[in-house]
Amino acid sequence: MRRRLTLTSELGTNSIKALKRAIALASFITPTAVYFQDDGTAGGKKEVYLSAAIQRHLRKLYESLCRKEPVLSREAFANFLEVVQGEKSPVLTEERYKFEKFLEVWWLRFGLQAEKSGSIKEKDLSKPISNYFISSSHNTYLSGNQLSGRSTADAYRRVLRRGCRCVEIDVWDGDSQSSTPEQQRESSRKPGSKLEHVRHLSGGSLHTAAAHIKETVEEKIEQTRHKLGVHKVHSHSPRCSKSELSPPPFGREIGAALDPASLANQLDPERASIRSIRSVRSRPSLPPDEPIVMHGYTFTAPVGFREVCKAIREVAFETTNLPIIVSLEVHADQEQQEVMVQTMKQEWAGLLVEKPHDTCPNGRMPRLEELLNKILVKVKKASSCLDNSGTMSTLSPNTTLEDDASGSEDDRPGLPNGTKKPKVLICESLSSLAIYTHSEHFINFESPAAKSPSHIFSISETRILELVSSKHHELFSHNRHFFMRAYPKGLRFDSSNLDPSQFWRKGVQMVAMNWQSWDEGMMLNEAMFSGEHGWVLKPAGYRSEDVSAHQEDIPHRTLDLIITVLAGQHIPLPEGTHSSNSRSLRPIVKCELHVEKAEERIGAIIEGGGRVRETDYKQKTGAGKTDHPDFGTVRDNELQFLGVQRVVEQLSFVRFKVEDDAPRLVSLNRDPFAGWACIRLDRLATGYRFVHLLDANGNKTQGVLLVRIAKNFR
């Protein structure tokens, strides 16, 4: 009997301990609701779920503000909001505040967001359009990497809805159903007049055929899989179940488990070419005799130019009325260019800028407020080097080769003899649409083209970094008054990105990003334009109205920044981690400060070129526990960046990156990346704030960090 009682006693003790652990774990992991009675609606009640760790820190704060009094006084509350939170002249209506009321008023009336919200009503739209940074996209049509990604109109919808206001369209000749082999041979021997000209399979069509050879190879792979009984590998992670607003992760096509090129030698090239060409002409999305959009000289599949124009019209001003710049990289012949003009005028009727603004005199760039709900076309000027047939004559001294003016053509393959391809001549009707945004080939900053108000120099990242070193002052001075566009070098086949902040600090208005990859460069781009509707006014010293001679004369300040990480909630799990492993998550928070380096200011060669560099200011916390961590008990949860010199707030950034520090990920060779946030320094609010985390594809998550931010300039 005693033995049974002893056994029962042991079981009871263990059960009680287990029950206590379960209760503690449940209260720690599962956020509980805080009810706000006044949410601005009639009889409204708002539920806010906060983890136990976050609630503990907020209640501890409340108790410290009460200073041993049972409730918080109005004076103490107002002082906290003004001094700690940075609120201007807060107005409070009650004399005393209990914890729940304190939290309700603080949350609903003043907010706890780490990023200050922007309002279009408060935005200064009175400056010339060249005085703004513009959210820009490179090869917008691609959904994956630069060599084999698919071209899709949905890519334009996605980036425009996320705030992009400068998109790129690479236009090539479509296919004609009217040409016969005899006409093709005759046409190739002797070009006729414009009226008699019949297009045959063009250079653009050959690239299209190549893309469909790729599709044929993929079909062959599927047949082989079926015969061998091999199932296609597909990730069941959240990334593979996102809507069209979610780009493929880091430039990779979703579900592309095998390389189609590995089986290409098993196919009959001639049969594949014929089949591919027929497939091109039979596609309903590619109407005959109309231009197509694709990345030339690659295996990218095309999309119709009209379909792209329709997509742009559909969402152009869905989220904002600020203008869009469409950067055209034209590879189509002049007959197809005429079709392009007709298509744009039809699809963008009432939106397309076809003539100068009535109130804008010659020689002056329009103000941003004068171009609301408008689409501007960026394209080269028409060339006079045409013969009577309307086709390109032999190269004359006035005919230049492919250049920077049309985007990334400099980085593409040349002719077999090693020379660059002659540039496509632009017809007058297309050229006339470039009212305020015409492309110019960059020669130097003293050329007549560099003084034309509406010109845009499109220059590769590599060339701009060379100019930073050799023409530092001239580059900055030019960009105060005139447009410049930077685009990624051609070797970024994986759709990786440059560091855009380097180019913004040189006044470059349009830094074209590969939106297919949410890497560090895109995180900085997101921070620059978050809540800004795609247009950000340059800071003082960077505008055409400023009189200081050099960039060194621009006022800079010394920064002291302290970020204390207190707690987290719903921290995202690394990709491939099952939700049942949330309790084993060991999150660490890395914090980076992106500011101008000393060598940038003096025009010295920048180490690493356009690659995103390892910042000088990087710190991290110790590891928390579970996906609802309390960092108040871990080491190094206070991250200090003190005495940071020569800081321009509007061009500096704070980036948060959360990773799983659990040893199991090392053994499994998995990426520990869990979530991130990036905030422009001038929009980083002070005090106790919530930092909202995004996932690896730039999508919002439920994850938040509770931090305290102290920011001081001197």
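Everything discussed here concerns the structure shown above.
Residues numbered from 1 in each chain as written. Predicted model: local features only at pLDDT ≥ 70, side-chain atom pairs only at ≥ 80, totals over all residues. Heavy atoms only, no water.

Chemist: Residues and numbers for the overall build of the chain, please.
Modeler: For the chain, the helix and strand inventory stands at 17 helices and 23 strands. By residue count, 53% of the 714 residues in the chain fall in the buried class. The long-range fraction of contacts in the chain, counting pairs at least 24 apart against all pairs at least 6 apart in sequence, stands at 74%. Counting only carbon and sulfur atoms, one obtains 52% of the accessible surface of the chain, whose full area is about 33000 Å². (Helix = DSSP H or I, 4+ residues; strand = E, 2+ residues; numbered from the N terminus. Buried < 20%, exposed > 50% of the residue type's maximum accessible area, 1.4 Å probe, protein only. Contact = heavy atoms within 4.5 Å. Areas by Shrake-Rupley, 256 points an atom, 1.4 Å probe, with all protein chains shown as cover.)

Chemist: An account of the packing of aromatic side chains is needed here, citing residue identities and associated values.
Modeler: Applying the stated criterion across every chain yields a total of 18 aromatic pairs. Pairing Trp504 with Phe529 gives two aromatic rings, centres 5.9 Å apart and planes at 80 degrees, and the pair type is edge-to-face. Of this pair, Trp504 sits in helix α14 (residues 500-504) while Phe529 sits in helix α15 (residues 520-529), and the two are 25 residues apart along the sequence. Of the two residues, Trp504 and Phe529, neither departs from the other in class, the shared state being buried. Ring plane angle 45 degrees and centroid distance 6.0 Å describe the contact between Trp504 and Phe653, whose orientation is recorded as tilted. A residue pair is termed long-range when its members are at least 10 positions apart, and Trp504 in helix α14 and Phe653 in strand β20 (residues 653-660) qualify at 149 residues. (Phe/Tyr/Trp six-rings, centres within 6.5 Å; stacked < 30°, edge-to-face > 60°.)

Chemist: For the environment of Gly687, give the residues involved together with the corresponding values.
Modeler: The residue Gly687 is located in strand β22 (residues 687-694) in this model. Given the relative accessible area of 0%, Gly687 is considered buried. Here the alpha-carbon distance between Gly687 and Ile709, two residues 22 residues apart in the chain, equals 5.0 Å. Setting aside chain neighbours within four positions, we find Gly687 in contact with Val84, Gln85, Val707, Arg708 and Ile709.

Chemist: Go over helix α12 (residues 461-470) with me, naming the residues and quoting the values.
Modeler: Taken residue by residue, α12 has Glu461, Ile464, Leu465, Leu467 and Val468 as its buried positions. Along the long axis of α12, the arc covered by the buried residues comes to 155 degrees, so they all point the same way. Elements in contact with the buried residues of α12: β12 (455-460), α13 (472-481), β13 (483-487) and α14. (Arc of directions from axis to C-beta.)

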